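Residues per chain, in single letters:
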Amino acid sequence: MSMLERARPELVAFAPYASARRAGFDARVRLDANESPWDSADDGCTDAGLNRYPQPQPDALRARLAALYGVDAASLWLGRGSDEAIDLLLRAFCRAGRDNVVAFAPTFGMYRVGAALQGAAFRTLALSADDGFALDTDRLLALADDDTKLVIVCSPNNPSGTLYHGDALERLARALDGRALLLVDEAYVEFAGVASASALLARHSNVAVLRTLSKAHALAGARVGALLAHPEVVDLVARIAAPYPLPSGSVRAASAALEPATLARTRARIATLVAERERIAVALAVAGGVRTVWPSAGNFLLVRFADAREAFARLLGAGILVRDFSAQPGLANCLRITIGRPDENDALLAALGGARR
């Protein structure tokens, strides 16, 4: 079954805006897009070519990312981080006031926000911190009905760091075949040491995977992300997206990040962060005021303190900012700590060294 049968029918037939660059023509003199004929680089700007609109989907970057992620270029769409793909998938598949989205909690908050903006109900399976945020796929599937359009799994999960992969994802994809799109958010998968869920695309047309250059590739400010999915889903998303999702500067930054030397450096930095993650987890587990440090497959740790407010204030007083998740259900007194450089991590441990049990 084609996933387009589960998309909003009025969008399946949607004709995209015919932007100047979408036509695909090229010429020495461009008088088609009402751009300025003067390159800002002529006025001393260090970034050339900003007077021209970029390609809607830059071919070279798309091909290089497709090779990196092990998919065909036709199965990849480039957008502004993962957030834009989340928003567009919700818009493409969910009818306001009727359809719903299934996920678990705690997880990345933009899923709920995106569903609310689209007018779709957001159903969640509460995961328990007591059993390490284990996922019961049967209970998750029980939340889905005929109006469920997306089931979202963040893996490694934010903020718990829990990894959900292998047989669990295969089972979800098979059970949701012809019913809903299984969206696997892999923003942190580079830190997990496991194969991407993108391998599922060859077997299941109802699977989509999110990847980003924001985390492991150190390009959060460039806002470059990728949706990996069946070509017809990619085409649908491309047709309802903004005409020019990625600025030229972001395309250049992403292309530079994919050069062999830069990729080698990135892999070395990932290895450093993974080693630091384990070092900090061990140190925090015996630190005063710490109750629980959950295993993490991301570049962060979820930590429960005896008094998270006191720990947060102690860190902030030392010039260190972490994320307080205490207000989320089941995460009382929990802080999420991103793994930094070794010297930054040393400062974190030093600031917490005087915490009392």
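Since we're looking at a predicted model, the values are computed, not measured.

J.: Help me understand the overall build of the protein chain in this model?
T.: A tally of helices and strands in the protein chain yields 11 helices and 11 strands. Compactness check: the protein chain gives a C-alpha radius of gyration of 22 Å against a globular reference of 21 Å for 357 residues, within 12% of the reference. For the C-alpha atoms alone, the extent of the protein chain along its principal axes is close to 70 × 55 × 30 Å. Put simply, the protein chain has 357 residues, and 50% of those count as buried. Sequence separation of 24 or more characterises 67% of the internal contacts of the protein chain that already satisfy a separation of 6 or more.

J.: Explanation requested: the sheet that holds strand E8 (residues 290-293) in the structure shown.
T.: Sheet strands pair by backbone hydrogen bonding; their relative direction is either parallel or antiparallel. The antiparallel open sheet is built from 4 strands, whose spatial order is E8-E9-E11-E10. Of all the strands in the sheet, just E8 and strand E10 (323-324) have a single pairing partner and so form its edges. Where helix H10 (residues 308-317) meets the sheet, it contacts strand E9 (300-305), E10 and strand E11 (334-338), and its direction lies at approximately 35° from that of E11.

J.: Would you explain a nonpolar patch on the surface in this entry?
T.: A contiguous nonpolar patch, built from Met110, Val113 and Leu117 and spanning about 270 Å² of accessible area, is present on the exposed surface. The exposure class of Val113 is partly exposed, given its relative accessible area of 38%.

J.: Would you mind going over the sheet that holds strand E5 (residues 181-185) with me for this structure?
T.: Strand order across the open sheet formed by 7 strands is E1-E7-E6-E5-E4-E2-E3, with mixed pairing between neighbours. Each of the sheet's edge strands pairs with one partner strand only, and the pair in question is strand E1 (76-79) and strand E3 (121-126). Each strand of the sheet is rotated relative to its neighbour by a mean of 20°, with strand direction disregarded. Alignment of strand E2 (residues 100-105) against E3, held across 6 bridges, turns out to be parallel. Opposite Ala103, over in E3, you have Thr124 as the bridge partner. Taken strand by strand, helix H2 (residues 59-69) contacts E1, strand E6 (207-212) and strand E7 (225-228), and its axis lies near 120° from that of E1.

J.: Explanation requested: the nonpolar core in the structure shown.
T.: When a protein is soluble and globular, its nonpolar side chains tend to lie buried together. If you look at the biggest cluster of nonpolar residues, it comprises 49 residues, and the most contacted ones within it are Leu76 and Leu182. Of the residues forming this core, the biggest block, 4 residues, is contributed by H2. Among residues more than four places away in sequence, those in contact with Leu182 are Val151, Val153, Leu169, Leu172, Ala173, Leu176, Asn206, Val207 and Ala208. Counting 34 residues, the second-largest nonpolar core is a separate cluster that includes Trp77, Ala115, Ala229 and Val233.

J.: Please clarify how helix H6 (residues 167-175) should be interpreted in this entry.
T.: Since the α-helix turns once every 3.6 residues, residues separated by three or four places project in the same direction. Within the sequence span of H6, burial applies to Leu169, Glu170, Leu172 and Ala173. Along the axis of H6, the buried residues cluster in a sector spanning 165°; they form a single face. Opposite the buried face of H6, at more than 90 degrees from it, the exposed residues are Asp167 and Arg174. Its buried side turned inward, H6 meets helix H5 (137-142), strand E4 (148-154), E5 and E6.

J.: Quick question: what am I supposed to make of the side chain of Asp185 here?
T.: Residue position: Asp185 is located in strand E5. Salt bridges are absent for the buried Asp185, whose nearest opposite-charge side chain, Arg211, sits at 8.0 Å. Setting aside chain neighbours within four positions, we find Asp185 in contact with Ser82, Ile86, Phe108, Tyr111, Val153, Cys154, Ser155 and Leu210.

J.: What's the story with the pairing of E5 in this structure? I'm lost.
T.: Strand residues, when the strand is regular, have side chains that alternate between the two faces of the sheet. For E5, the buried fraction is high: 5 of the 5 residues fall into the buried class. Burial along E5 is two-sided: Leu181, Leu183 and Asp185 facing one way and Leu182 and Val184 facing the other are all buried. Relative to E5, E4 is paired through 5 bridges, and the arrangement is parallel. Considered in E5, the bridge of Val151 is made with Leu182. For the crossover from E4 across H6 to E5, the handedness is right-handed.

Here is what the cut-offs are and how they apply
Residues numbered from 1 in each chain as written. Predicted model: local features only at pLDDT ≥ 70, side-chain atom pairs only at ≥ 80, totals over all residues. Heavy atoms only, no water. Helix = DSSP H or I, 4+ residues; strand = E, 2+ residues; numbered from the N terminus. Rg over C-alpha atoms; globule rule 2.2 N^0.38 Å. Buried < 20%, exposed > 50% of the residue type's maximum accessible area, 1.4 Å probe, protein only. Contact = heavy atoms within 4.5 Å. Pairing = 2+ DSSP bridges. Axes fitted to C-alpha atoms, helices over the stretch in contact; angles between N-to-C directions. Patch = residues over 30% accessible without salt bridge, like charges linked within 9 Å, V, L, I, M, F, W, Y side chains within 5 Å. Areas by Shrake-Rupley, 256 points an atom, 1.4 Å probe, with all protein chains shown as cover. Salt bridge = Lys/Arg side-chain N within 4 Å of Asp/Glu carboxyl O. Core = buried A, V, L, I, M, F, W, Y, C linked by side-chain atoms within 4.5 Å. Arc of directions from axis to C-beta. Lys, Arg positive; Asp, Glu negative; His and termini not counted. Right-handed = clockwise from strand over helix to strand, strands pointing away.

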